[in-house]
Amino acid sequence: MKFVTLLSAFAALTLCACASTPKHWAAQTGSKADGIVKLAYTYGPFEDNLKPSAEQGDKVATDRCIAWGYTKAVPFDFENKVCQTPSSYGGCASTLVTKEYQCE
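The text that follows walks through the structure, step by step, so that each part is easy to find. No experiment lies behind these values; they were computed from the predicted model shown.

The rules behind each value
Residues numbered from 1 in each chain as written. Predicted model: local features only at pLDDT ≥ 70, side-chain atom pairs only at ≥ 80, totals over all residues. Heavy atoms only, no water. Buried < 20%, exposed > 50% of the residue type's maximum accessible area, 1.4 Å probe, protein only. Helix = DSSP H or I, 4+ residues; strand = E, 2+ residues; numbered from the N terminus. Pairing = 2+ DSSP bridges.

1. Some remarks on the pairing of strand 2 (residues 36–43)
Part 1 of the argument: Burial runs high along strand 2: six of the eight residues are buried.
Part 2 of the argument: Of the pairings in the sheet, the one linking strand 1 (residues 26–31) to strand 2 comprises five bridges and is antiparallel in character. By the bridge assignment for strand 2, Ser31 is matched with Ile36.
Part 3 of the argument: The hairpin turn running from strand 1 into strand 2, its antiparallel successor, is four residues long, and Gly35 in that turn takes a positive phi close to 70°.
Part 4 of the argument: Here strand 2 runs beside strand 4 (residues 92–103); their pairing, made up of eight bridges, is antiparallel.

Written as C-alpha cells, this is what we have:
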C-alpha cells in the first residue's frame, strides 16, 4: 500500500513539473543615466527547457529604454545563470537567469 501511495505522489509531481508555463523576461534593475536595462527570469528543476523568447526580452528592454527617452535596446552577448536556491540533493532548486541591454 505504501508503494502505491509513493508511486501516486511521484506521478503527481511529475505531471506538475511537465505542466509548467513558459517563462517570461521581466525588468529586474536598470540605470536610466547609464542606459542599462537588466532583465531576469527564474526556473526550477525540470523547467530549464521553458526559456522565454529572445523577442519577448527585446520588447521588454526596448519598452523600458523608450520610457527613459532612448530609441532602442541592444542586448549584450551573454546571459548569466546563478543558482539562487541549492537543493538538498545536490542540484539547484531555483536558477536566476539575467541578461543586460544597452539603451541607445
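2. Some thoughts on the pairing of strand 3 (residues 73–86)
As a general feature of sheets, a regular strand has side chains that alternate between the two faces.
Part 1 of the argument: The pairing of strand 3 with strand 4 spans ten bridges and is antiparallel. Residue pairing for strand 4: Val74 is matched across the bridge by Gln102.
Part 2 of the argument: The hairpin formed by strand 3 and strand 4 contains five residues between the paired strands, and Gly90 there has a positive phi angle of roughly 100°.

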